[in-house]
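Structure at a glance
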Amino acid sequence: MQLHIFLSHNWIIRFLEIGLFAGIIAHVIQGIMLERSNRSKRKIAFDVKPGNATSKWYSRSMGLLGVLILLFLIVHLSQFWYSTKVALYAEGDAEHNMYQQMKEVFQHEWVLLVYLIGVVALGWHLKHGFWSAFQTFGINSPKYNSLIKSVGMVYTIIICLAFISMPLAFYFKWLN
Amino acid sequence: MINSKIPSGELSQKWSTYKSTCKLVNPANKRHIEIIVVGTGLAGASAAATLAELGYSVKTFCFQDSGRRAHSIAAQGGINAAKNYQNDGDSVYRLFYDTVKGGDYRAREANVHRLAEVSGNIIDQCVAQGVPFAREYGGLLSNRSFGGTQVQRTFYAAGQTGQQLLLGAYSAQMRQVSLGKIKEYNRHEMLDLVVIDGKARGIIARNLVTGEIERHGAHAVLLCSGGYGNVFFLSTNAMGSNATAAWKAHKKGAYFANPCFTQIHPTCIPVSGDHQSKLTLMSESLRNDGRIWVPKNQNETRNPKDIPENERDYYLERRYPAFGNLVPRDVASRAAKERCDAGYGVGASKMAVYLDYASAIERYGKTEANKQGLSNATKEEITKLGKQVVKEKYGNLFDMYEKITGENPYEVPMRIYPAVHYTMGGLWVDYELMTSIPGLYALGEANFSDHGANRLGASALMQGLADGYFVIPYTIGNYLAGEISTPKIDTNHPAFDQAEKQVKDTIHHFINIKGTKSVDHFHKQLGKIMWNKCGMARNEKGLKEAIQEIRELREEFWKDVRVLGNENSFNPELEKAGRVADFLELGELMCMDALERAESCGGHFREEHQTEEGEALRHDDQFMHVSCWENTGNHTWTLQKEELVYEVIHPTQRNYK
Amino acid sequence: MEHKTLNLKLRVWRQSDSNTQGGFVTYDANNISTEMSFLEMFDVLNEKLINEGNDPIAFDHDCREGICGMCSMYINGRAHGPWAGTTTCQLHMRAFNDGETITVEPWRAQAFPVIKDLVVDRSAFDRIQQAGGYISVNTGNAQDGNSIPINKHDADLSFAAAACIGCGACVAACKNSSAMLFTSAKVSQYALLPQGGPERKTRVLNMLNQMDKEGFGSCTNTGACEAECPKEISISNIARLNREFLNAQFSL
């Protein structure tokens, strides 16, 4: 069995994919609701803002970063996910050369730019989000805080590098 | 005739006898009895919470936006209790004895003994409420010694003991609010007491947000409104601390006792200019390790670090070798004033002395170096280690000093000067804490009872909580047992009409004087008169002048004060005007009392009455009494005396040499 | 300490009451000594306004020694001004430069309506406390203070949380107007002490519930509250509150 057949038919992958989608959708909806609700708690804004003196810009901008990531996801999914699903279901499991498709798509500069923006946004989103998740679940201890932050940083870098490596590799023709 | 209602019997048995024989109120009746508590500091919050727990219907009033902001919150050092956890020989008797002696034998023995008896319960109660007192590594409570005592009986929570104790009492109060037993009236100020048929039956209060004048009836009224140190304008009191509630009660018939007994705290940050709005206390605990000195040369201009040891005068250590820098507050304050008046003061104003931590830093540094096994530590290393220890013990105080003065106290000696801190005088109360108006009680700093002529450090918190948690719940029942058939107080009674009208007229009058000078202008003038002539040292001539000057100032105030805004809105200037109007009367009474008391005792120092060495000279034969002033209207008073009888302690001249 | 005099411009929020719209008014504040506290500078300005027959600026203040929690000014975009770990009343004019324009606003949050000018209503904090910020022990019930040994580390942490002065700077500093730092400080104080044990589950649920009811926002862990807290209360208390919440919500 070819790898792509395995990947597109295996139930574990299907299950994870659905879970991932559900998670993302829930996260988006919850995030939007939270942002809306939080914004409504101060009807008259302060005239002078503290800027970065009291908090990091990215921790204040999770909503904006989230929107950027969402836009990127829409572009990404419409380009790759949609076409694989069309091939899988609408065209009766037709042969679909993802490699070739990537090669073509990533030749466009605007696509590379969208991916770069998306991944950078994701990086900042994760930088705050990873640590923040621990804080929200009540894990904040002088013993482990630097560990959590370091692991978060490493995780963020790995994820971002891995995500951006494919578009970069295709664009700069590191692969043929 | 003054009747202090001290129970008969042996001193140590009086309170337990009282408790087991006083009248009680049945729980079903308590529900129908309303009690008003004015002020939500330690005394007010603890009383309100405890009375509500007992089942009474309680209403609390405070001018701040929350009960938690009362000025008890600012007490730094600690709270005394005769627990003897340190096994250093403390006992109820010793705490009682120290307090009476510290008060220069002008306090009532029975009250002070009761205070010492319940002191231990206070600590237990606070711990149970979750007050995070300082602890030792073994998990038990930590103690320190505090100005003027030789045992370690002071419990503390860093330099924020008052805050923690108040938040404890406030939490108990909030619990009763949530249970519906207490109704809170914050941002409300009591502007008059309502007396019906000779009994306190309610108050007139102003809602400070809307300006509305409200009537509140009750079967008993508790004044827990604090002291009157702000008569001096500059003091360590909060800006809003005022005497209005107590003063209005005084004008309705409650005696005012020992008004001239004010405490000047020796360790405050000096005045920096005319703009000064208040003075900040540096905890007395700093005297445990700091050394106080002035240069031996008058008008010294050198930097303190450049003045060699042999040109420094450690005047407290010189004059009082036994207690040194730890003499009681009144003694330390006067000694600082004496040096500055003689021209040895330091700083730009020359009205300050040095509080120096250099030797403590060196001493702690050496100990620490030993502990760490550094046998040849350099001077720099020792200083560094010493600073760390000092930072741990007093860091927050040092930071505060630096914020205010811009000087780093780890490097240069702090400058300190005495400032008005506490008023021992207050409304006269009997053993049951009832004033001379039946049904009107005064608790905490608002009453005169426990500190005599001088309060010892860490005793104010003790007294406020003792009154609120452990005394009033018993004594008020003895009165209210006779009130169970009194129906809900009718606030349409003519006495309410009359009191309300008077309050409204006064407010209206303030707004319509439309004079030329601000309220603060008059307050500052009054403060200057009081500080110069009725402050740390007083004399007949000065007091007579002060009385005259205050009268003139008062007249000018009522003609020329400018209160902008209107009466039906949030108007801080109007609030201040009412408070200053009362200070202008109280100031006069303080001077009269100081004039009448021709002796020196505790915080009251009459220059004509001192020993050859310049120490306070009491005249027990003439002044072993509480001066109780009765207001006879139109700025006249008559004096009644409550003789103080010492059954157990034999008064001696205090000696801290 | 050497002192200088400053000439400043103050842009102050004026609002006559909660129902009226407010706006900025600019005032000159001249000959301000660097030795003055920020509030003393306001005293000087108010004295001038009174002498000119203008309504003085209303602001909350009481102890002026950094502990009552009454003062509450938002100065140049910072709750309690530029100094860390400092209340408005302890901020001194040394922090500013000659010729500077200083913008002063009230705490702004739906849950803190403006009463007048710079004065806001913070009674929501009292109601959060009423919802569970106490230990239910009647006076007289207590056992000996030393009968419950408490590990010093926990007692110190509890004290650090209890040092909260309830000023509301955390709410003003938070982009979400969240009161989590305040609420968590209270919950933590009791959670760290054995005395707080019996009521810990109901306490955290009720206090959080009340916090939401009052109209405060949610915590998104930006940490601005911690940076602005005059008592430097740590956001590790918020994590502790979250832990208490999860424990209360999901334990059987």
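Note: the structure precedes this text.
Residues numbered from 1 in each chain as written. Chains lettered and ligands numbered in written order. Predicted model: local features only at pLDDT ≥ 70, side-chain atom pairs only at ≥ 80, totals over all residues. Heavy atoms only, no water.

As for the packing of aromatic side chains
Operational definition: Aromatic rings from Phe, Tyr and Trp, taking only the six-membered ring of Trp, are treated as a pair when their centres fall within 6.5 Å; an angle between ring planes under 30 degrees marks them as stacked, one over 60 as edge-to-face, and anything in between as tilted. Put simply, DSSP marks the helices as runs of H or I at least four residues long and the strands as runs of E at least two long, and each gets a number from the N terminus on. For every residue, the accessible area (1.4 Å probe, protein chains only) is compared with the maximum for its type, and the residue is labelled buried under 20%, exposed over 50%, or partly exposed between those bounds. Counting as a charge over the ring demands two things of the Lys NZ or Arg CZ atom: a distance within 6 Å of the ring centre and an angle within 35 degrees of the ring normal.
Under the criterion given, the structure shown has 48 aromatic pairs over all chains. Note on B:Trp293 and B:Tyr314: the rings are 6.3 Å apart at their centroids and 50° apart in plane angle, and the pair reads as tilted. Note that B:Trp293 is positioned in strand S12 (residues 291–295) and B:Tyr314 in the loop between strand S13 (312–313) and helix H8 (315–319), a separation of 21 residues in sequence. For B:Tyr314, a relative accessible area of 12% corresponds to the buried category. Pairing B:Phe398 with B:Tyr410 gives two aromatic rings, centres 4.8 Å apart and planes at 50°, and the pair type is tilted. One end of the pair, B:Phe398, is in helix H11 (residues 379–405); the other, B:Tyr410, is in the loop between H11 and strand S15 (414–423), with 12 residues separating them in the sequence. The class for B:Phe398 is buried, based on a relative accessible area of 0%. Taken together, the ring pairs in this structure connect A:Phe72, A:Phe80, A:Tyr99, A:Phe106, A:Tyr115 and A:Phe170 into an aromatic cluster. Seen from the ring of C:Phe24, C:Arg11 lies directly overhead, with NZ or CZ sitting 4.1 Å from the centre.

Considering the nonpolar core
Test applied: Remark: nonpolar core denotes a set of buried residues (Ala, Val, Leu, Ile, Met, Phe, Trp, Tyr, Cys) joined through side-chain atoms within 4.5 Å. Here, two residues are considered to be in contact whenever any of their heavy atoms come within 4.5 Å of each other.
Judged by nonpolar contacts, the single largest core of 241 residues is most densely connected at B:Ile79, B:Phe133, B:Leu222, B:Tyr357, B:Tyr441, B:Ile476 and C:Phe216. Leave out the neighbours within four places in its chain, and B:Ile79 touches B:Ile122, B:Ile123, B:Phe133, B:Arg153, B:Thr154, B:Phe155, B:Thr161, B:Leu165, B:Ala458, B:Leu461, B:Met462 and B:Leu465. By size, the runner-up hydrophobic cluster in this structure holds 27 residues, among which are C:Leu10, C:Val12, C:Leu45 and C:Cys89.

Brief notes about the interface of chain C and chain A
Under the convention used in this document: The term buried area means the drop in 1.4 Å probe accessible area that two parts suffer when joined, counted for both and summed. By definition, a salt bridge exists where a carboxyl oxygen of Asp or Glu is found within 4 Å of a side-chain nitrogen of Lys or Arg. Any pair of nitrogen or oxygen atoms within 3.5 Å is treated as a polar contact; in protein, a donor-acceptor pairing is required on top of that, and neighbouring residues in sequence qualify only through side-chain atoms on both sides. By the convention adopted, Pro, Cys, Tyr, Trp, Phe, Met, Ile, Leu, Val and Ala count as nonpolar, Lys, Arg, Asp and Glu as charged, and the other residues, Gly among them, as polar.
Counting residues at the interface gives 37 residues for chain C and 28 residues for chain A. Carbon and sulfur atoms supply 53% of the area buried between chain C and chain A, which totals about 2600 Å² over both sides. In this assembly, chain C and chain A are joined by 1 salt bridge. For A:Asp47, the salt bridge goes to C:Arg11, with nearest N and O atoms at 2.8 Å. The interface formed by chain C and chain A holds 21 residue pairs in polar contact (both at pLDDT 80 or more) in total. Counting residues per element, the side of chain C that touches chain A draws most heavily on helix H8 (residues 236–250) of chain C, which supplies 6 residues. Considering only residue class, the side of chain C that touches chain A consists of 15 nonpolar, 15 polar and 7 charged.

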